[in-house]
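Coordinates in review
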Amino acid sequence: NAGVTQTPKFQVLKTGQSMTLQCAQDMNHEYMSWYRQDPGMGLRLIHYSVGAGITDQGEVPNGYNVSRSTTEDFPLRLLSAAPSQTSVYFCASGRDSSVNQPQHFGDGTRLSIL
Amino acid sequence: QQQVKQSPQSLIVQKGGISIINCAYENTAFDYFPWYQQFPGKGPALLIAIRPDVSEKKEGRFTISFNKSAKQFSLHIMDSQPGDSATYFCAASGDGNQFYFGTGTSLTVIP
């Protein structure tokens, strides 16, 4: 059971470049979410999805796009990378008996924007 | 504006001691409060969670205490072990979809 898989693990971009961070889960979870983790700021929600075809913005959505065409995949797109987007990005999925929640996290993508 | 305030930023505890991490919130719409454990180079892992209809929840050596009137909740790690050394995050949610995290507490348990 792979859980939540994120690729790539590391990436360096130049300002203005675009890229897609991949996230896949094999637990048939409807709820998936993306967070960024910055020193001293904890994790901040970027976007989330409660099922295929349904996405919504989180706390810090600017500069990021998402789509959810299947239950398994939830890619995060940076349209025009900026140095302020240098961070560690985590994807999470989950569903317990009473609430959607980030139960299982991937190991993160460490992204540097030069 | 930080929706959930967490303290202390770092904590050093002797093996066998009790580790206590505190969180506070203002938004009375929050009704679900999970805690996460994160090891270096890994993603967070859900530890334990509580709803405000109970004042305490215990799972093994981990206990959440909840004070609804004070809008505070805390994580107690009993009989702390070196393997508990990690960063701990509290979080809160009001709609079950958007989660707000504290800034984290780095716990070191000294053998």
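Conventions and cut-offs
- Residues numbered from 1 in each chain as written.
- Chains lettered and ligands numbered in written order.
- Predicted model: local features only at pLDDT ≥ 70, side-chain atom pairs only at ≥ 80, totals over all residues.
- Heavy atoms only, no water.
- Contact = heavy atoms within 4.5 Å.
- Buried area = accessible area lost by both parts, 1.4 Å probe.
- Salt bridge = Lys/Arg side-chain N within 4 Å of Asp/Glu carboxyl O.
- Polar contact = N/O pair within 3.5 Å; in protein donor to acceptor, adjacent residues only side chain to side chain.
- Helix = DSSP H or I, 4+ residues; strand = E, 2+ residues; numbered from the N terminus.
- Nonpolar A, V, L, I, M, F, W, Y, C, P; charged D, E, K, R; others polar.
- Disulfide = S-S within 2.5 Å.
- Buried < 20%, exposed > 50% of the residue type's maximum accessible area, 1.4 Å probe, protein only.
- Pairing = 2+ DSSP bridges.
- Axes fitted to C-alpha atoms, helices over the stretch in contact; angles between N-to-C directions.
- Core = buried A, V, L, I, M, F, W, Y, C linked by side-chain atoms within 4.5 Å.

Right, let's get into the interface of chain A and chain B. Listed as interface residues are 25 residues of chain A and, on the opposing side, 21 residues of chain B. Between chain A and chain B, roughly 1800 Å² of surface is buried when both sides are summed, and carbon and sulfur atoms account for 50% of that area. In terms of surface lost to chain B, no three residues of chain A exceed L43(A), Q101(A) and F105(A), which account for 23% of the buried area on that side. In this assembly, chain A and chain B are joined by one salt bridge. A salt bridge links K42(B) to D107(A), with the nearest nitrogen and oxygen atoms 3.5 Å apart. In this structure, the connection of chain A to chain B is made through four residue pairs in polar contact (both at pLDDT 80 or more). Elements with a minimum of two residues in the side of chain A that touches chain B: β4 (31-38) and β5 (42-51) of chain A. Per-element accounting of the side of chain A that touches chain B gives the leading share, five residues, to β5(A). Residue composition of the side of chain A that touches chain B, grouped by class: 11 nonpolar, 10 polar and four charged.

Let's shift gears to the state of the cysteines. Residues and elements named next belong to chain A. Enumeration according to the criterion identifies two disulfides over all chains in this entry. At a sulfur-sulfur separation of 1.8 Å, the disulfide partner of C23 is C91. Here the S-S torsion is close to -70 degrees, and the disulfide linking C23 with C91 is therefore left-handed. Placement of the pair is C23 in strand β3 (residues 19-25) and C91 in strand β9 (residues 87-94), with a sequence separation of 68 residues. We classify C23 as buried; its relative accessible area is 1%.

Attention now goes to the sheet that holds strand β1 (residues 4-7) of chain B. Residue and element names in this part refer to chain B. Here we have five strands laid out as an open sheet, ordered β1-β3-β8-β7-β6, and antiparallel in their pairing. This sheet does not close on itself; its edge strands, each paired only once, are β1 and β6 (56-59). Ignoring strand direction, the axes of neighbouring strands in this sheet form an average angle of 15 degrees. Relative to strand β8 (residues 72-77), strand β3 (residues 19-25) is paired through six bridges, and the arrangement is antiparallel. Bridge pairing in β8 links I21 to L75.

Strand pairing in a sheet relies on backbone hydrogen bonds. The paired strands run either parallel or antiparallel. All names here are of chain A. Reading across the sheet, the four strands line up as β1-β3-β8-β7 and stay open at both edges, with antiparallel pairing between neighbours. Strand pairing shows two members of the sheet lacking a second neighbour, β1 (4-7) and β7 (64-66), which therefore form its edges. The mean inter-strand angle of the sheet, taken between neighbouring strand axes irrespective of direction, is 20 degrees. Where β3 meets strand β8 (residues 76-78), three bridges bridge the pair, whose relative direction is antiparallel. Following the sheet pairing, T20 is matched in β8 by R77.

Attention shifts here to the pairing of β6(B). Within a regular strand, side chains alternate between the sheet's two faces. Residues and elements named next belong to chain B. Of the pairings in the sheet, the one linking β6 to strand β7 (residues 62-67) comprises four bridges and is antiparallel in character. From the neighbouring strand, E59 faces β7, where its bridge partner is F62. Connecting the antiparallel pair β6 and β7 is a turn made up of two residues, with G60 showing a positive phi of about 65 degrees.

Take the nonpolar core next. Counting residues in hydrophobic clusters, the biggest one holds 24 residues, and the most contacted among them are V4(B), F33(B), W35(B), F73(B), L75(B) and Y88(B). At the level of secondary structure, the elements contributing two or more residues to this core comprise β2 (10-14), β3, β4 (33-38), β5 (45-50), β7, β8, β9 (86-93) and β11 (105-110) of chain B. In terms of residue count, β9(B) provides more of this core than any other element does, four residues in total. In this structure F73(B) touches V4(B), I21(B), N22(B), C23(B), Y25(B), F33(B), W35(B), S65(B), F66(B), C90(B) and A91(B), once residues within four positions along its chain are discounted. Core analysis: the second largest hydrophobic core is formed by 19 residues, L21(A), F74(A), L76(A) and L78(A) among them.

Read these as spatial facts, not as claims about activity.
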